[in-house]
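A look at the structure
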Amino acid sequence: MGNTVAREDFEWVYTDQPHADRRKEILAKYPEIKALMKPDYNLIWVVVLMVLAQLTAFYLVKDLDWKWVVFGAYIFGSCISHSMTLAIHEISHNSAFGNGKAMWNRWFGIFANLPLGLPYSISFKRYHMDHHRYLGGDGIDVDIPTNFEGWFFCTRIRKFIWIVLQPFFYAIRPLCINPKPITRLEIINLLAQLSFDVMIYYLWGVKSIFYMLAGSVLGLGLHPISGHFIAEHYMFLKGHETYSYYGPLNLLTFNVGYHNEHHDFPNIPGKSLPLVKKIAAEYYDNLPQYNSWIKVLYDFVMDDTISPYSRMKRQLRGEVKQD
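Predicted, not measured: the structure shown is a model, and the values here were computed from it.

Rules used throughout
- Residues numbered from 1 in each chain as written.
- Predicted model: local features only at pLDDT ≥ 70, side-chain atom pairs only at ≥ 80, totals over all residues.
- Heavy atoms only, no water.
- Helix = DSSP H or I, 4+ residues; strand = E, 2+ residues; numbered from the N terminus.
- Rg over C-alpha atoms; globule rule 2.2 N^0.38 Å.
- Buried < 20%, exposed > 50% of the residue type's maximum accessible area, 1.4 Å probe, protein only.
- Contact = heavy atoms within 4.5 Å.
- Areas by Shrake-Rupley, 256 points an atom, 1.4 Å probe, with all protein chains shown as cover.
- Patch = residues over 30% accessible without salt bridge, like charges linked within 9 Å, V, L, I, M, F, W, Y side chains within 5 Å.
- Salt bridge = Lys/Arg side-chain N within 4 Å of Asp/Glu carboxyl O.
- Axes fitted to C-alpha atoms, helices over the stretch in contact; angles between N-to-C directions.
- Parallel < 35°, antiparallel > 145°, perpendicular 65-115°, else oblique.
- Nonpolar A, V, L, I, M, F, W, Y, C, P; charged D, E, K, R; others polar.
- 1 Å grid on protein atoms, 1.4 Å probe; cavity = no way out; pocket = protein on both sides within 12 Å on 5 of 7 lines; lining within 4 Å.
- Points joined across faces, edges and corners; volume = space filled by probe spheres on them.
- Core = buried A, V, L, I, M, F, W, Y, C linked by side-chain atoms within 4.5 Å.
- Disulfide = S-S within 2.5 Å.
- UniProt positions renumbered as here; feature names shortened; annotations may be inferred.

Before going further, it helps to examine the overall build of the protein chain. When helices and strands are tallied, the protein chain shows 15 helices and 4 strands. Taking 2.2 N^0.38 as the reference for a compact globule, 323 residues should give roughly 20 Å; the C-alpha atoms of the protein chain span a radius of gyration of 20 Å, in line with that estimate. Its C-alpha atoms give the protein chain principal-axis dimensions of roughly 55 × 50 × 40 Å. Per-residue burial for the protein chain yields a buried fraction of 54% across its 323 residues. Residue pairs at least 24 apart in sequence account for 80% of intrachain contacts in the protein chain once pairs closer than 6 positions are excluded. With the model as given, the accessible surface of the protein chain reaches about 15,300 Å², and the carbon-plus-sulfur share is 65%.

Attention now goes to a nonpolar patch on the surface. On the surface, Leu-64, Trp-68, Phe-71, Tyr-74, Ile-75, Phe-76 and Leu-218 cluster together to form a nonpolar patch covering roughly 640 Å² of accessible area. When residues in the nonpolar patch are grouped by element, the largest group, 5 residues, is from helix 3 (residues 66-92). Along the polypeptide, Phe-71 turns up in helix 3. The class of Phe-71 is partly exposed, set by a relative accessible area of 47%.

What follows covers the packing of helix 7 (residues 156-164) against helix 8 (residues 166-177). For the pair helix 7 and helix 8, the least separation of the axes is 4 Å and the interaxial angle reads 70 degrees. Overall, the two elements helix 7 and helix 8 adopt an arrangement that is roughly perpendicular. Listed contacts from helix 8 to Trp-162, Ile-163 and Val-164 of helix 7 are Gln-166, Pro-167, Phe-169 and Arg-173. A breakdown of the residues in the contact of helix 7 with helix 8 according to their chemical character gives 5 nonpolar, 1 polar and 1 charged.

With that settled, consider the layout of surface pockets. Each pocket or cavity is described by its volume, and for the largest pocket that value is around 1,200 Å³. Residues of the lining of the largest pocket, tallied by class, amount to 23 nonpolar, 13 polar and 6 charged.

What follows deals with unusual backbone geometry. Notably, Asn-94 is not glycine yet its phi reads approximately 65 degrees, a positive angle. Topologically, Asn-94 is positioned in the loop between helix 3 and helix 4 (102-113). One non-glycine residue with positive phi stands out, namely Asn-255, at about 60 degrees. Secondary-structure assignment places Asn-255 in the loop between strand 2 (244-245) and helix 12 (259-264).

Side chains of a nonpolar character, in soluble globular proteins, are inclined to be buried together. Among the nonpolar cores identified, the biggest contains 38 residues, and Val-47, Met-84, Trp-162, Ile-230 and Phe-300 are the most heavily contacted of them. At the level of elements, helix 2 (42-61), helix 3, helix 4, helix 7, helix 11 (227-231) and helix 15 (293-302) are the ones that each hand at least two residues to this core. Excluding anything up to four places from it in sequence, Trp-162 contacts Pro-145, Glu-149, Phe-153, Phe-169, Arg-173, Ile-230, Tyr-234, Phe-300 and Pro-308. Grouped together as the second largest cluster of nonpolar side chains are 14 residues, Ile-26, Leu-27, Leu-36 and Phe-265 included.

Across all of its chains, the model carries 0 disulfides by this definition. No disulfide involves Cys-154; its nearest neighbouring cysteine sulfur is the one of Cys-176, lying 19 Å away. Exposure remark for Cys-154: the relative accessible area of 9% places this residue in the buried category. According to the relative accessible area criterion, Cys-176 is exposed, its value standing at 56%.

According to UniProt, the positions carrying the feature "transmembrane region" (unreviewed entry) are residues 43-61, 68-87, 107-124 and 210-231. As annotated, residues 68-87 comprises 100% helix and 0% strand, and the C-alpha atoms at either end are separated by 27 Å.

What follows is the structure, encoded as C-alpha coordinates:
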(Lines give C-alpha, C1' and ligand atoms only; values in the text may rest on other atoms or scores of the structure.)
Protein backbone atom coordinates (compact mmCIF):
# COMPACT_ATOMS: atom_id res chain seq x y z
CA MET A 1 0.00 0.00 0.00
CA GLY A 2 1.30 3.41 -0.92
CA ASN A 3 1.52 6.46 1.25
CA THR A 4 -1.31 8.90 1.56
CA VAL A 5 -1.11 11.53 -1.16
CA ALA A 6 -0.23 15.08 -0.23
CA ARG A 7 -3.29 16.70 -1.83
CA GLU A 8 -6.21 17.13 0.59
CA ASP A 9 -8.61 19.14 -1.56
CA PHE A 10 -9.31 20.04 -5.15
CA GLU A 11 -7.37 22.76 -6.97
CA TRP A 12 -9.77 25.69 -6.68
CA VAL A 13 -9.40 28.22 -9.49
CA TYR A 14 -11.05 31.59 -9.95
CA THR A 15 -10.72 32.00 -13.70
CA ASP A 16 -12.99 30.88 -16.52
CA GLN A 17 -12.17 27.71 -18.42
CA PRO A 18 -9.69 28.35 -21.27
CA HIS A 19 -11.63 26.71 -24.10
CA ALA A 20 -14.03 29.50 -25.08
CA ASP A 21 -11.27 32.11 -25.46
CA ARG A 22 -9.04 29.74 -27.41
CA ARG A 23 -11.94 28.85 -29.71
CA LYS A 24 -12.54 32.53 -30.53
CA GLU A 25 -8.85 33.13 -31.17
CA ILE A 26 -8.48 30.06 -33.42
CA LEU A 27 -11.63 30.86 -35.43
CA ALA A 28 -10.47 34.43 -35.96
CA LYS A 29 -7.17 33.12 -37.36
CA TYR A 30 -8.52 30.03 -39.15
CA PRO A 31 -12.16 30.65 -40.15
CA GLU A 32 -12.00 27.58 -42.44
CA ILE A 33 -12.43 25.44 -39.32
CA LYS A 34 -16.12 26.44 -39.36
CA ALA A 35 -16.54 24.16 -42.39
CA LEU A 36 -15.84 21.18 -40.10
CA MET A 37 -18.91 21.95 -37.98
CA LYS A 38 -21.18 19.48 -39.73
CA PRO A 39 -22.58 15.99 -39.03
CA ASP A 40 -20.55 12.83 -39.53
CA TYR A 41 -23.04 10.62 -41.34
CA ASN A 42 -20.57 7.72 -41.33
CA LEU A 43 -21.18 7.58 -37.57
CA ILE A 44 -24.66 6.20 -38.27
CA TRP A 45 -23.37 3.18 -40.17
CA VAL A 46 -20.55 2.53 -37.71
CA VAL A 47 -23.03 2.44 -34.82
CA VAL A 48 -25.40 0.14 -36.69
CA LEU A 49 -22.54 -2.26 -37.44
CA MET A 50 -21.43 -2.17 -33.78
CA VAL A 51 -24.94 -3.04 -32.60
CA LEU A 52 -25.09 -5.92 -35.10
CA ALA A 53 -21.65 -7.13 -33.96
CA GLN A 54 -22.81 -7.27 -30.37
CA LEU A 55 -26.04 -9.03 -31.31
CA THR A 56 -23.94 -11.63 -33.11
CA ALA A 57 -21.75 -11.99 -30.04
CA PHE A 58 -24.81 -12.41 -27.78
CA TYR A 59 -25.87 -15.32 -29.97
CA LEU A 60 -22.43 -16.91 -30.16
CA VAL A 61 -21.80 -16.95 -26.39
CA LYS A 62 -25.14 -18.48 -25.39
CA ASP A 63 -23.81 -22.06 -25.36
CA LEU A 64 -20.17 -21.45 -24.41
CA ASP A 65 -18.55 -22.52 -21.14
CA TRP A 66 -18.61 -19.75 -18.56
CA LYS A 67 -14.84 -19.25 -18.73
CA TRP A 68 -15.13 -18.39 -22.42
CA VAL A 69 -18.08 -16.11 -21.79
CA VAL A 70 -16.00 -14.14 -19.27
CA PHE A 71 -12.97 -14.16 -21.60
CA GLY A 72 -15.06 -12.91 -24.53
CA ALA A 73 -16.70 -10.23 -22.38
CA TYR A 74 -13.32 -8.76 -21.45
CA ILE A 75 -11.43 -9.20 -24.71
CA PHE A 76 -14.16 -8.27 -27.20
CA GLY A 77 -17.34 -7.17 -25.46
CA SER A 78 -15.59 -4.62 -23.26
CA CYS A 79 -13.97 -2.91 -26.26
CA ILE A 80 -17.23 -2.70 -28.19
CA SER A 81 -19.13 -1.51 -25.13
CA HIS A 82 -16.65 1.21 -24.25
CA SER A 83 -16.44 2.26 -27.87
CA MET A 84 -20.23 2.47 -27.96
CA THR A 85 -20.30 4.79 -24.95
CA LEU A 86 -18.03 7.10 -26.94
CA ALA A 87 -20.29 6.79 -29.98
CA ILE A 88 -23.10 7.89 -27.64
CA HIS A 89 -20.83 10.77 -26.61
CA GLU A 90 -20.61 11.77 -30.27
CA ILE A 91 -24.38 11.43 -30.67
CA SER A 92 -24.95 13.61 -27.58
CA HIS A 93 -23.25 16.41 -29.53
CA ASN A 94 -25.70 15.81 -32.42
CA SER A 95 -22.86 14.51 -34.60
CA ALA A 96 -24.96 11.79 -36.26
CA PHE A 97 -27.78 13.86 -37.78
CA GLY A 98 -26.83 17.47 -37.02
CA ASN A 99 -28.26 20.12 -34.73
CA GLY A 100 -31.27 20.61 -37.00
CA LYS A 101 -32.45 17.08 -36.18
CA ALA A 102 -31.74 16.98 -32.46
CA MET A 103 -34.49 14.46 -31.69
CA TRP A 104 -33.18 12.08 -34.36
CA ASN A 105 -29.93 12.06 -32.41
CA ARG A 106 -31.77 11.34 -29.15
CA TRP A 107 -33.64 8.35 -30.64
CA PHE A 108 -30.45 7.12 -32.27
CA GLY A 109 -28.67 7.39 -28.94
CA ILE A 110 -31.31 5.15 -27.35
CA PHE A 111 -30.73 2.63 -30.17
CA ALA A 112 -26.95 2.76 -29.68
CA ASN A 113 -27.50 2.22 -25.95
CA LEU A 114 -29.22 -1.17 -26.41
CA PRO A 115 -26.15 -3.50 -26.41
CA LEU A 116 -24.81 -1.85 -23.24
CA GLY A 117 -27.55 -3.42 -21.12
CA LEU A 118 -28.14 -0.39 -18.85
CA PRO A 119 -29.94 2.87 -19.79
CA TYR A 120 -27.37 5.59 -20.26
CA SER A 121 -27.71 7.70 -23.37
CA ILE A 122 -30.32 10.34 -22.45
CA SER A 123 -29.01 11.00 -18.94
CA PHE A 124 -25.44 11.19 -20.22
CA LYS A 125 -26.40 13.87 -22.74
CA ARG A 126 -28.01 16.04 -20.04
CA TYR A 127 -25.02 15.92 -17.73
CA HIS A 128 -22.39 16.05 -20.44
CA MET A 129 -23.65 19.38 -21.76
CA ASP A 130 -23.16 20.79 -18.25
CA HIS A 131 -19.59 19.44 -18.28
CA HIS A 132 -18.85 21.48 -21.41
CA ARG A 133 -20.61 24.68 -20.34
CA TYR A 134 -19.41 24.64 -16.74
CA LEU A 135 -16.15 22.66 -16.74
CA GLY A 136 -15.16 22.02 -13.14
CA GLY A 137 -18.23 23.85 -11.86
CA ASP A 138 -18.86 23.07 -8.19
CA GLY A 139 -22.15 21.21 -7.81
CA ILE A 140 -22.75 21.15 -11.58
CA ASP A 141 -20.01 19.20 -13.36
CA VAL A 142 -20.50 15.58 -12.25
CA ASP A 143 -17.25 14.57 -13.96
CA ILE A 144 -15.60 15.97 -10.82
CA PRO A 145 -15.25 13.30 -8.10
CA THR A 146 -17.04 13.71 -4.79
CA ASN A 147 -15.19 14.80 -1.68
CA PHE A 148 -15.54 11.24 -0.38
CA GLU A 149 -13.72 9.86 -3.43
CA GLY A 150 -10.89 12.34 -2.99
CA TRP A 151 -10.63 11.68 0.74
CA PHE A 152 -10.89 7.88 0.73
CA PHE A 153 -9.13 6.77 -2.46
CA CYS A 154 -5.81 8.23 -1.42
CA THR A 155 -3.43 5.25 -1.42
CA ARG A 156 -2.16 3.10 -4.25
CA ILE A 157 -4.38 0.10 -3.49
CA ARG A 158 -7.44 2.32 -2.99
CA LYS A 159 -6.78 4.22 -6.21
CA PHE A 160 -6.54 0.87 -8.02
CA ILE A 161 -9.93 -0.11 -6.56
CA TRP A 162 -11.32 3.29 -7.60
CA ILE A 163 -10.30 2.61 -11.21
CA VAL A 164 -11.96 -0.83 -11.11
CA LEU A 165 -15.16 0.73 -9.71
CA GLN A 166 -15.29 3.69 -12.12
CA PRO A 167 -18.62 2.60 -13.70
CA PHE A 168 -20.19 2.57 -10.23
CA PHE A 169 -18.96 6.07 -9.36
CA TYR A 170 -20.00 7.53 -12.71
CA ALA A 171 -23.48 6.09 -12.15
CA ILE A 172 -24.05 7.34 -8.61
CA ARG A 173 -22.10 10.61 -8.71
CA PRO A 174 -24.86 12.62 -10.47
CA LEU A 175 -27.31 11.56 -7.74
CA CYS A 176 -24.94 12.87 -5.08
CA ILE A 177 -23.72 16.06 -6.76
CA ASN A 178 -26.46 17.32 -9.07
CA PRO A 179 -29.67 15.23 -9.09
CA LYS A 180 -32.15 16.22 -11.80
CA PRO A 181 -35.82 15.40 -12.26
CA ILE A 182 -36.39 12.44 -14.56
CA THR A 183 -37.57 13.35 -18.06
CA ARG A 184 -39.90 11.58 -20.46
CA LEU A 185 -36.99 10.63 -22.72
CA GLU A 186 -35.14 9.05 -19.79
CA ILE A 187 -38.20 6.92 -19.04
CA ILE A 188 -38.36 5.89 -22.71
CA ASN A 189 -34.63 5.07 -22.60
CA LEU A 190 -35.24 2.90 -19.52
CA LEU A 191 -38.27 1.07 -20.96
CA ALA A 192 -36.54 0.46 -24.31
CA GLN A 193 -33.50 -0.93 -22.51
CA LEU A 194 -35.51 -3.21 -20.22
CA SER A 195 -37.51 -4.51 -23.19
CA PHE A 196 -34.31 -5.25 -25.10
CA ASP A 197 -32.70 -7.02 -22.12
CA VAL A 198 -35.80 -9.18 -21.58
CA MET A 199 -35.81 -10.06 -25.29
CA ILE A 200 -32.14 -11.12 -25.20
CA TYR A 201 -32.76 -13.23 -22.10
CA TYR A 202 -35.83 -14.86 -23.65
CA LEU A 203 -34.02 -15.62 -26.92
CA TRP A 204 -30.56 -16.66 -25.73
CA GLY A 205 -30.50 -16.95 -21.96
CA VAL A 206 -28.46 -15.80 -19.00
CA LYS A 207 -25.00 -16.15 -20.58
CA SER A 208 -25.83 -13.58 -23.24
CA ILE A 209 -27.13 -11.19 -20.58
CA PHE A 210 -24.03 -11.74 -18.47
CA TYR A 211 -21.76 -11.14 -21.49
CA MET A 212 -23.58 -7.89 -22.25
CA LEU A 213 -23.49 -6.47 -18.70
CA ALA A 214 -19.99 -7.76 -17.89
CA GLY A 215 -18.62 -6.26 -21.08
CA SER A 216 -19.99 -2.84 -20.11
CA VAL A 217 -18.73 -2.98 -16.52
CA LEU A 218 -15.31 -4.38 -17.43
CA GLY A 219 -14.88 -2.04 -20.37
CA LEU A 220 -15.49 1.02 -18.24
CA GLY A 221 -13.38 -0.16 -15.31
CA LEU A 222 -9.90 -1.71 -15.37
CA HIS A 223 -9.34 -1.54 -19.11
CA PRO A 224 -6.75 0.23 -21.31
CA ILE A 225 -9.42 2.38 -22.95
CA SER A 226 -10.57 3.61 -19.52
CA GLY A 227 -7.36 5.58 -19.26
CA HIS A 228 -9.18 8.36 -21.09
CA PHE A 229 -11.36 9.04 -18.01
CA ILE A 230 -8.26 10.11 -16.11
CA ALA A 231 -6.20 11.45 -19.01
CA GLU A 232 -8.78 14.05 -20.04
CA HIS A 233 -8.88 16.34 -16.99
CA TYR A 234 -6.83 15.02 -14.07
CA MET A 235 -4.11 17.48 -13.22
CA PHE A 236 -0.81 15.68 -13.72
CA LEU A 237 0.77 19.10 -14.35
CA LYS A 238 -0.24 22.01 -12.16
CA GLY A 239 -2.22 24.64 -14.01
CA HIS A 240 -3.33 22.42 -16.90
CA GLU A 241 -7.01 21.42 -16.88
CA THR A 242 -7.46 19.46 -20.12
CA TYR A 243 -5.08 17.04 -21.82
CA SER A 244 -5.07 15.35 -25.21
CA TYR A 245 -3.99 11.83 -26.14
CA TYR A 246 -2.66 11.11 -29.64
CA GLY A 247 -2.16 7.35 -29.47
CA PRO A 248 -3.68 4.49 -31.51
CA LEU A 249 -6.67 3.85 -29.25
CA ASN A 250 -8.29 6.92 -30.80
CA LEU A 251 -9.22 4.55 -33.62
CA LEU A 252 -11.58 2.73 -31.24
CA THR A 253 -12.88 5.80 -29.42
CA PHE A 254 -13.99 8.25 -32.10
CA ASN A 255 -10.92 10.43 -31.38
CA VAL A 256 -12.03 11.28 -27.85
CA GLY A 257 -8.32 11.54 -27.06
CA TYR A 258 -8.23 14.85 -28.96
CA HIS A 259 -9.71 16.36 -25.85
CA ASN A 260 -8.40 19.91 -25.92
CA GLU A 261 -9.61 20.08 -29.49
CA HIS A 262 -12.97 18.61 -28.48
CA HIS A 263 -13.57 21.12 -25.68
CA ASP A 264 -12.51 23.95 -27.94
CA PHE A 265 -14.89 22.76 -30.68
CA PRO A 266 -17.56 20.47 -29.19
CA ASN A 267 -19.71 20.82 -32.33
CA ILE A 268 -17.03 19.28 -34.57
CA PRO A 269 -17.32 15.46 -34.84
CA GLY A 270 -14.42 13.37 -33.57
CA LYS A 271 -13.57 12.32 -37.11
CA SER A 272 -12.48 15.89 -37.92
CA LEU A 273 -10.59 16.73 -34.72
CA PRO A 274 -7.20 15.62 -36.12
CA LEU A 275 -7.74 18.16 -38.89
CA VAL A 276 -8.41 20.88 -36.29
CA LYS A 277 -5.08 20.02 -34.67
CA LYS A 278 -3.34 20.09 -38.03
CA ILE A 279 -4.78 23.47 -39.05
CA ALA A 280 -4.17 25.15 -35.69
CA ALA A 281 -1.05 23.18 -34.75
CA GLU A 282 0.63 26.05 -32.91
CA TYR A 283 -2.24 26.10 -30.39
CA TYR A 284 -2.02 22.39 -29.55
CA ASP A 285 1.48 21.07 -30.16
CA ASN A 286 2.89 22.64 -27.00
CA LEU A 287 0.02 21.68 -24.68
CA PRO A 288 0.56 18.69 -22.34
CA GLN A 289 -0.33 15.45 -24.11
CA TYR A 290 -0.21 11.67 -23.75
CA ASN A 291 0.67 8.79 -26.03
CA SER A 292 -0.40 5.93 -23.72
CA TRP A 293 -3.59 5.56 -21.69
CA ILE A 294 -2.13 2.49 -19.99
CA LYS A 295 0.72 4.63 -18.67
CA VAL A 296 -1.82 7.18 -17.46
CA LEU A 297 -3.54 4.48 -15.39
CA TYR A 298 -0.20 3.24 -14.04
CA ASP A 299 0.99 6.74 -13.14
CA PHE A 300 -2.31 7.59 -11.48
CA VAL A 301 -2.01 4.59 -9.16
CA MET A 302 1.72 4.81 -8.46
CA ASP A 303 2.21 8.60 -8.19
CA ASP A 304 1.45 9.51 -4.59
CA THR A 305 0.83 13.15 -5.52
CA ILE A 306 -2.10 12.23 -7.82
CA SER A 307 -5.57 11.21 -6.61
CA PRO A 308 -9.26 11.88 -7.35
CA TYR A 309 -8.59 15.29 -5.77
CA SER A 310 -6.30 16.17 -8.71
CA ARG A 311 -8.92 18.21 -10.52
CA MET A 312 -9.50 21.91 -11.06
CA LYS A 313 -12.73 23.10 -9.49
CA ARG A 314 -14.41 26.50 -9.74
CA GLN A 315 -17.24 28.39 -8.12
CA LEU A 316 -19.59 29.43 -10.90
CA ARG A 317 -20.61 33.04 -11.25
CA GLY A 318 -23.76 34.43 -12.81
CA GLU A 319 -26.76 32.50 -14.06
CA VAL A 320 -26.40 28.75 -14.53
CA LYS A 321 -28.57 27.10 -17.19
CA GLN A 322 -28.79 23.30 -17.18
CA ASP A 323 -30.53 20.81 -19.45
